[in-house]
Amino acid sequence: MGMLFIILLSPLIGFLFSGIIGKYLPEKITGWISSLSILVSFVLSLQVFQGLSDTNGGPAFEAIGFTFLSVGDIFVDFAIQADRLTSLMMLVITGIGFLIHLYSISYMHGDKGFYKFFAYLNLFVFNMLVLVMGSNFLMLFFGWEGVGLCSYLLIGFWYRNAEYGKAARKAFIMNRIGDLGLLVGLFLVISSCKSLNYSDVFAAAKSGGLSTEMVTAICISFFIGAMGKSAQIPLYTWLPDAMAGPTPVSALIHAATMVTAGVYLVVRCNVLFEMAPAAQQLILWIGLSTSILAALIGLKQNDIKKVLAYSTVSQLGLMFIALGVGAYSAAMFHLITHAFFKALLFLGSGSVIHGMGGEQDIRKMGGLKSYMPVTYYTFLIGTLAISGMPLFSGFFSKDEILATVFTQQPIVWFLAVVSALITGVYMFRVFLVTFMGSFRGTETQKQHLHESPALITVPLIILAILSLVGGLLNLPELFTHDHAQWLKHWLSPVLGNAQDDLHHPSHSTEWMLMGLAVSVFIAAFLYTRNKYISHASVPEEDAEMTGAAKWSAHKFFVDELYDKVFVRSSESLGSTMNKADSGIFAGLMGWVSSGISYMSGLFSKVQNGRIQYYLLYMVIGVILMLVINIFI
Amino acid sequence: MLLTILGLPPAFLLLSFITILCALYVVTNTNPVYSVLALILAFFSISAHYVLLNAQFLAVVNLIVYAGAIMVLFLFVLMLLNLNKESEPIVKMGWHIGAAVTAGLLLVTLAAALHRSSEQIMRNPAEDIGLVKNLGKVLFTDYLVPFELSGILFLAAMVGAVLLGKKQTNNKENNNYSETSSQ
Amino acid sequence: MELIFIPIVAAFIAAWTGKWSRWISLLGSIISGVFLLYFFMHFNPDAGVQWQWNKPWFSSAIHFHSGIDGISMVLLILTNVLCPLILLSAFHKKEDNALLFALIVGMQGALNGVFVARDGLMFYIFWELALIPVYFIAGLWGEGNRFKTTLRFFIYTFIGSLAMLASLIYLFSKTPDSSSFSYETLVAVQLNPNEAFWVGAGLLLAFAVKIPVMPFHGWQPATYTEAPAVGSMLLSGIMLKMGLYGLLRWFMPLVPESLPTFMPFIVGAGIIGILYAALIAIRQNDMKRIVAYSSLSHVGLIAAGIAVAGETGVQGGILQMFSHGVNAVGLFLAIDIIERRNQTRFLHALGGMAAQSRAFAVFFLVIVLGATAVPFTNGFPGELLLLKTVFSYHRVWGVMAGITIILCAVYMLRMYQFSMLGESKGTVFNPLAWHEWVALSGIVLLIVFFGLFPQLIMDISAPAVKQLLILIQNTKGVMS
Amino acid sequence: MTSLLILFLGAIVVLYYGINKSEGKSLLITDILLLAALSSLVYDLLTVKTRNVLGWLTEYVPENMLIWNFNSIAFSIVLVLAFLLVLGLFSRNNHIGADLLGLMLFSVCGGMLMASFSNLIMLFLGIECLSIPLYVLAGSKKSDLASNESAVKYFLMGAFSTAIFLMGCAFLYGGTGSLELESISRATSMITHLGIKSNLIFSGIILLMAGMLFKISAFPFHFWSPDVYDGSPNRTTVFMATVVKIAAFAAFYRLFNEGLGDVKNWWGVTLAVSAGATILFGNIAAIRQSSFKRMLAYSSVAHAGYMLMAILALPQNGFWALLVYLIAYTSSAVSVFYLLDRTSGENSNFSFDNFNGLGKQSKWLSLILIVSMFSMAGIPMTAGFAGKYGLFSSIITSYPWLLYIALIGSAISIAYYFRVFKHAFFSEDGSMTALKIGVMEWIFLALSLTITLLVGCWPAVITLCK
Amino acid sequence: MNPDSVFNTLDISHYIYLSSVLFCIGLFGVLTRRNAIVLLMCIELMLNAVNLLFVAFSSYMGDSAGQLFVFFIMVVAAAEAAVGLAIIVMIYRNTRSTDVGLFDKLKG
């Protein structure tokens, strides 16, 4: 099906265009052409979506490009497909991608690497599409690594800053650790299924062709891959650092799309994960601890983007909690709503940073409400959505997850609620400190403050609307019977019977849970309001912090730990080996040669120039020859 | 052992005794001139052995060539260079012992190896092969080529000796010893 | 055959022509390439060995027997594509370096000879011959303690070669009536386990030194570092493929009896080498040294993959040989370009060049990514296949080998970061010259193209590989 | 045989011209003589199968003295060729007088006798005919102490080894009852068949071997050669390294492989050990030499070790391997010694430094140096490789361990052969005065280069005449 | 044949022993004496030992080849002595010594 290829290739063409000739064109043209290339994909994705809604299941669209590899038992086509899951992802990617492109035209205005930025963004979209559209695991891996690469390029976009470069490398390398897990998973799949095609693998799994151990191993390997990409413990530390990139990048890659690839992977492989309860348990607990840890760290961060980054990690943890209990549609639901409001928040923060002239520290902000109204309102919507304000998208998606968890593991539910509470706290903290109160920045910054241009605000508004109404996608049955659980039904061909064994709580319980969620939201709001509005307190300086707060502000010293345990140790190992290498292996020859040289000197000494010594040696030689030959 | 030696023909015993004694004198005496004289004596006794072995021609040749020509040449050179006991280099005792041990070892080895090897030798003694007439006949028929060759060898040796002996200035000086040797 | 003699003749002409040397060399190199193109167009992968040319040479037993099959074809393509690029990369050296160009193109001829040889001794002869140009290139145009280094390099490889010679001669003496050195005859020889061990050890030593596999790599870092750029390119790009090719073409079919004995060692040494070299590479400051160790790391994987003797591994190995050749040449070329402009290639003295030449930054980036085996570059499919092979050989080894993708990213990106990004430390970067453009874009095109269509290479070599594996397995069967 | 006669008589003619001090003429005559001898030898070689090469001399030369067969003629050709090369390259600049020419011719005659003897007397006379002029040649630089010393050393040790050799002859004579090679061969093989181990014969063989090993300078009888090679004038050294070596190996081959080949299990291991030790000793000792000439001397010891492997091989394999190796060694050694001679100029300092800057001085000389060194080191496409290959392949089944030693030796040898490249090409401080090389020298250099490369690329050329 | 002839009364092994003894005495002299001329004399002694052995073998076996060999050995020994003495005289002219222990400038 050609359309799929057009969807895929359109961003690629955009990439080549901006990359090769974008340098010589005015910014506007480059920017718009790249954006349009995404728009094309978006429109076509809509068409695909439309086409899928008519059919009742199965991968409706499939297109095979060419044989990529055909060796031994590995046979991989360069093939893409679009089923219902994919189409959702495609819409999210191209839709939000398009908005962010628009946003960037203004945001990146005047940057020397403007064309490069758009080239990278387009390349990213291309890779992301490969990731979700691939019809086999290898295609997924292609996209998987490809987005990692783009993420690397974009984090280090301002390459003159060495710190940014370091962050970029950290992201890439952390991702690669995950990739190794994924790769191992691929190998396990190849060796057990002799194929990498989704259909073949899942069919094999369904027919019981795989042992539980094998499936568990595959799932854990895949999850390690997901850990890297979706920033779960222990591989989450790159994501906050990744905020070094331009803000649109953070919005698109590190909030809305790329980091959710892990979720996509697990949802895609739901057949396998359903067969591996142990792996599911692992996911559940990792997701939970990530969610709480990230939320705790988020409490004390002062960089507006860092807070959002930890919030992303935390929300991703939430999604994985959902995946851990097998609530795939809930996870997808949250994925989509999260894409909306987190993109919104990031773009909003970008707008703030833009207005502040590059300042990211919330302690230097305050009272921006009056200067940047559009940003203020949209950011407010985003904050409310993420904190779980009833009827906002985040409320529904979060509630769906919590409700499902409650029926299965009440303890997890409780901890997840705590996490949600903390989320509310830090989000309101950021919001209030940034927009309320009085301005705390310098005078020049104050002069500079202005509302962002339309190209920035329009995407904000669109995303705000989506954040508001996104909950409609999967309304609980409590509210409506006709359109309830639309998303769940939409995904049912993909998820198959994976969803069936989920027990939904009774309506009364669900009402109760919702009420609890609302009260949590209110509690968070009141607490922060009390602290930052009524007392108008400003987050303290790092030095003042003690105890738990200090740990939180320092991210629980995980970076330092990793630095000590992995980076330093491997570096010192490398140094030692380096010495050993020049000493032992390069020296081996030296020893041998000096040994030979020594012998050479010895022989020279024997050759002392005296005839009679020579004669003596000769006679001894003769005697030896005689004795050995005749008597021995 | 002693008995077997004493049981040998007295002529052989006597000659052997003289030969070995002279030989030892040659190698141990520190005066080169005495050495030469002892060596000449040794050659005489060896010539006597030749007679004993019915090799009359060689006995004579040995006397003329070796004891006569070559040894005189040696003596001449020694005199010419004025080498005597005083100019003889002193050799360390340790070296003597080492050399003696080595030579003794070789002797022991050879003796042990060739012990009882006489059985391996075809014995077909003929009294007359050593006579000048018979030997000459063979020499000028079967051994004509080597005989001619030895002449050429002499020529080469003569040229060589002249080459080394003559002065750098290419002044044709007579070098007696080289002339003598090539007769 | 044309592929051998045209470059060698061109080399002899070029050596005496001075000013025109570089053009004559390039011409010779390209004509050889054109011949190869002709062969390639008419190449039928399924038809076994083609364009055979078989004439008695040394004696009735030793023939000049050349022929091209799929595996040879891939490596010939590699050689004949890279050599012109390498020549181009050195084009800035003018009149007084006539010999350099001659040596490069002569090397091309010798390498072609290695890859087409179907006779044991002919293989050995070209194997040695290929050593000589690079010895002089490294010795004459090298830097540092070049004499000692090149001598060490020469002796290392020469010891290996001699061991190989001994093994080949031994096999020869075991052929019926000691009558032939031809590949088929040597393959047919059956050895008892003890003989097989020693013969195999001899062959393996030669190849292990050339590749180089871990404990035999003592010559490699210093040689790569101190050789001039073209020397390093030839060494890492093509020459070490000789070792891998030998492992595949000669070692495994000739003494499959010893393969079970040696396989764990090759795989183990290869994989330990991967980690070892990668860890060292992380700590290097000299860019060439980084690439040298990265080369060591990569070929360790290839050797391990090939040694497993499965179709995936062998095909992956062939693919990766090709890719690694391209990438290594690209890396050394880039480093040379940097060094020529800044008179240094030490990371701490470099930085910020991306701003000065975007085009170069992109080229370099693509090459680095290729070496890091990012998807859509040529490094990826081969590495995938190899890792898969090692993984199915033994899972623990597989995972350990897999760590390479992490470590490789670490040192490669580190190198790119410190040289190209960050603030400029007074580095200058003059625009790329035309020949640099051609060479770099050629390499980048190769990287991307074969990143997308690796199967094109696989298709060339697949039938030959299958045949080879049958050969190995058959003999194994007979033995067991 | 005709050629032998030509050379003997020619030598006398040359000496006669020497009296009149017409060096140029005597040189010319020598060249003509050599060419005549060469052509006669080639004719003999081509017709050896169909006619008696002795021709009209048959009735004067009994069968039991000299046997001219294919092998001996081939060796003789190489011998004469080597001498031609030596003469072509070393006569003009060294002012070789008629006396020296005559001596060299005598020596070559001795060598030819050694190649074709069939009687121990002839072998003995051949050796002496070869050696006695050599003693003189070694000392022919009369005012030079080194030359004097080398003459004394060579002479004393040579005479001593002759005594040992003769003792061996005597034992062998006693054991077999004959001095003719064929009878000795018959007697020994008969004794072997009877299963008796005759100590007399055995000791004779050992002593004989010791004497021969001395001539080819193999361990432990090689001690003379570094000193003598070092001290002798260059033309003598190269003469020893090539002509003498060829002759000694021809004799060795005939004596041991044709004469005593049937009792190889008696002497094989001893010889193999000696060969291995020679290879190792020569190669290792050569490494630390600072004098290029001395390095070459040690390397020639090592080469002797390699060539000994041919004696251990099966007769025909060994013969061809030895022949190729001799040609290879000769053609490269002559060129290298020539370069050494020219670069060292008048003084007798032969250090590696003399070669500094050769690369910049002349491309052709560089090429010659490289090819010769490669050939000595046994790099393919040069004659040295063809020779080494032949030796290795002929030895591998009988003495594999010796092969490995030889390989180690080859690897070590790279270290010193390539050292000269460092001086000639890699070193920066090279200022060499331009060498003036005459047309004749160029021709002979080209000849040796051609031989090295031709034999290297196509060794079958040598076996063509088979 | 004369029954008293040495061939009947004396085993040839005694000649072998005798000449071995002479040979080794000569060898001992070669190893110990440092005067080049005496050295040469000792070598002559060794050659004579060989000659004696040859003659003995020849006579016992009734084969004239051995005696002819001795003849040639004598010839060669004479030639060798001539050349050798010439060399020694030559070096004496240059160094005023015939001590072989002093001729050790060529070494290493």
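Summary of the structure given here. (Residues numbered from 1 in each chain as written. Chains lettered and ligands numbered in written order. Predicted model: local features only at pLDDT ≥ 70, side-chain atom pairs only at ≥ 80, totals over all residues. Heavy atoms only, no water.)

Regarding the overall build of chain D
- A count of helices and strands for chain D gives 20 helices and zero strands.
- Principal-axis analysis of the C-alpha atoms gives chain D an extent of 70 × 55 × 45 Å.
- Counting the 466 residues in chain D, one finds 75% classified as buried.
- Pairs at least 24 residues apart make up 81% of the contacts formed inside chain D by residues separated by at least 6 positions.
- Working note: accessible area of chain D is about 12300 Å², and carbon and sulfur atoms make up 64% of it.
- Taking the 26 positively charged and 21 negatively charged side chains of chain D as two groups, their mean positions are separated by 5 Å. (Helix = DSSP H or I, 4+ residues; strand = E, 2+ residues; numbered from the N terminus. Buried < 20%, exposed > 50% of the residue type's maximum accessible area, 1.4 Å probe, protein only. Contact = heavy atoms within 4.5 Å. Areas by Shrake-Rupley, 256 points an atom, 1.4 Å probe, with all protein chains shown as cover. Lys, Arg positive; Asp, Glu negative; His and termini not counted. Charge placed at Lys NZ, Arg CZ, Asp CG, Glu CD.)

Considering the nonpolar core
- With 768 residues, the main nonpolar core has F222 and L272 of chain A, F251 and F364 of chain C together with W267 and F421 of chain D as its most contacted residues.
- Looking at this core element by element, the count peaks at 23 residues for helix α4 (residues 64-95) of chain E.
- In contact with L272 of chain A, not counting residues within four places along its chain, are V201, F202, A205, L210, V215, I218, C219 and F222 of chain A.
- Counting residues in each nonpolar core, the second largest holds six residues, with A10, A11, A15 and A102 of chain C among its members. (Core = buried A, V, L, I, M, F, W, Y, C linked by side-chain atoms within 4.5 Å.)

Notes on the packing of aromatic side chains
- Tallied over the full model, the rule gives 117 aromatic pairs over all chains.
- Measuring from centroid to centroid gives 5.3 Å for F214 of chain D and W224 of chain D, while their planes differ by 35°, and the two rings are tilted. Residue F214 of chain D is found in helix α8 (residues 199-216), and its partner W224 of chain D is found in helix α9 (residues 224-231); the two are separated by ten residues along the sequence. Each member of the pair, F214 of chain D as well as W224 of chain D, is classed as buried.
- One aromatic cluster is present, built from ring pairs that chain together F66, F68, F78, F126, F141 and F142 of chain A together with F322, F376, F380, F449, F450 and F453 of chain C.
- Seen from the ring of W127 of chain C, K210 of chain C lies directly overhead, with NZ or CZ sitting 4.6 Å from the centre.
- Here the guanidinium or amino end of K388 of chain D rests over the ring plane of Y306 of chain D, the centre of that ring lying 4.6 Å away. (Phe/Tyr/Trp six-rings, centres within 6.5 Å; stacked < 30°, edge-to-face > 60°. Lys NZ or Arg CZ within 6 Å of the ring centre and 35° of its normal.)

Some thoughts on unusual backbone geometry
- Here the amide bond leading from I233 of chain A into P234 of chain A is cis, since omega sits at 5°, within 30 degrees of zero.
- Along the chain, P234 of chain A falls in the loop between α8 (212-229) and α9 (238-241).
- Between I211 of chain C and the following residue, P212 of chain C, the backbone shows a cis peptide bond with an omega angle of -15°.
- Mapping P212 of chain C onto the fold places it in the loop between α9 (193-210) and α10 (220-226).
- Positive phi outside glycine occurs at N54 of chain B, with the angle close to 65°.
- Inspection of the secondary structure puts N54 of chain B in the loop between α3 (32-52) and α4 (56-81).
- Residue class for N54 of chain B comes out buried when judged on its relative accessible area of 15%.
- With a phi close to 60°, Q343 of chain C is a non-glycine residue in the positive phi region.

Focus on a nonpolar patch on the surface
Residue and element names in this part refer to chain B.
- A cluster of nonpolar side chains, namely L14, F17, I18, L21, L41 and F44, defines an oily patch on the protein surface of about 590 Å² accessible area.
- Counting residues per element, the ones that place at least two in the nonpolar patch are α2 (10-28) and α3.
- Its location among the elements puts L14 in helix α2.
- Classification of L14 by relative accessible area gives exposed; the value is 53%. (Patch = residues over 30% accessible without salt bridge, like charges linked within 9 Å, V, L, I, M, F, W, Y side chains within 5 Å. Salt bridge = Lys/Arg side-chain N within 4 Å of Asp/Glu carboxyl O.)

Notes on the interface of chain E and chain B
- Each partner contributes residues to the interface: chain E has 76 residues there, and chain B has 84 residues.
- Each partner contributes to the roughly 7200 Å² buried at the junction of chain E and chain B, and carbon and sulfur atoms together form 77% of this total.
- The tally of links between chain E and chain B comes to zero salt bridges.
- The tally of links from chain E across to chain B stands at eight residue pairs in polar contact (both at pLDDT 80 or more).
- With 24 residues, the single largest contributor to the side of chain E that touches chain B is α4 of chain E.
- Here the side of chain E that touches chain B is composed, by residue class, of 51 nonpolar, 18 polar and seven charged. (Buried area = accessible area lost by both parts, 1.4 Å probe. Polar contact = N/O pair within 3.5 Å; in protein donor to acceptor, adjacent residues only side chain to side chain. Nonpolar A, V, L, I, M, F, W, Y, C, P; charged D, E, K, R; others polar.)

Topic: α4 of chain B
Residues and elements named next belong to chain B.
- With 26 residues, α4 should cover 38 Å at 1.5 Å per step; its first-to-last C-alpha distance of 36 Å lies within 8% of that length.
- Along α4, the sharpest kink reaches roughly 30°, centred on N62.
- Downstream of α4 by one or two residues, N82 has phi in the positive range, about 60°. (Expected span 1.5 Å × (residues − 1). Bend = angle between axes of the 7 residues up to and from the residue.)

Describing the arrangement of the chains
- With eight pairs of chains in contact overall, the contact-richest pair is chains B and E.
- At the level of C-alpha atoms, the two units chain B and chain C stay apart, their nearest approach being 39 Å.
- Separated throughout, chain C and chain E approach each other most closely at a C-alpha pair spaced 24 Å apart.

Thoughts on the interface of chain D and chain C
- If you look at the interface, chain D gives 37 residues, while chain C gives 33 residues.
- Linking chain D with chain C are zero salt bridges, by the criterion used here.
- Here chain D is connected to chain C by two residue pairs in polar contact (both at pLDDT 80 or more).
- It is helix α17 (residues 400-417) of chain D that provides the largest number of residues to the side of chain D that touches chain C, a total of seven residues.
- Considering only residue class, the side of chain D that touches chain C consists of 27 nonpolar, six polar and four charged.

A closer look at the side chain of T452 of chain D
All names here are of chain D.
- On the secondary structure map, T452 appears in helix α19 (residues 439-457).
- Looking at T452, its side chain comes within polar contact range of the main-chain oxygen of S448, at 2.7 Å.
- Leaving out residues up to four positions away in the same chain, T452 has contacts with S331, S332, V371, S375, T382 and A383.

Notes on the environment of Y170 of chain C
- Locating Y170 of chain C in the fold gives a position in helix α7 (residues 146-174).
- Under the relative-accessibility criterion, Y170 of chain C is labelled buried at 18%.
- Along the chain, Y170 of chain C and V199 of chain C lie 29 residues apart, while their C-alpha atoms are 7.3 Å from each other.
- With residues up to four places along the chain from it excluded, the contact list for Y170 of chain C reads L191, E195 and V199 of chain C together with I396 of chain D.

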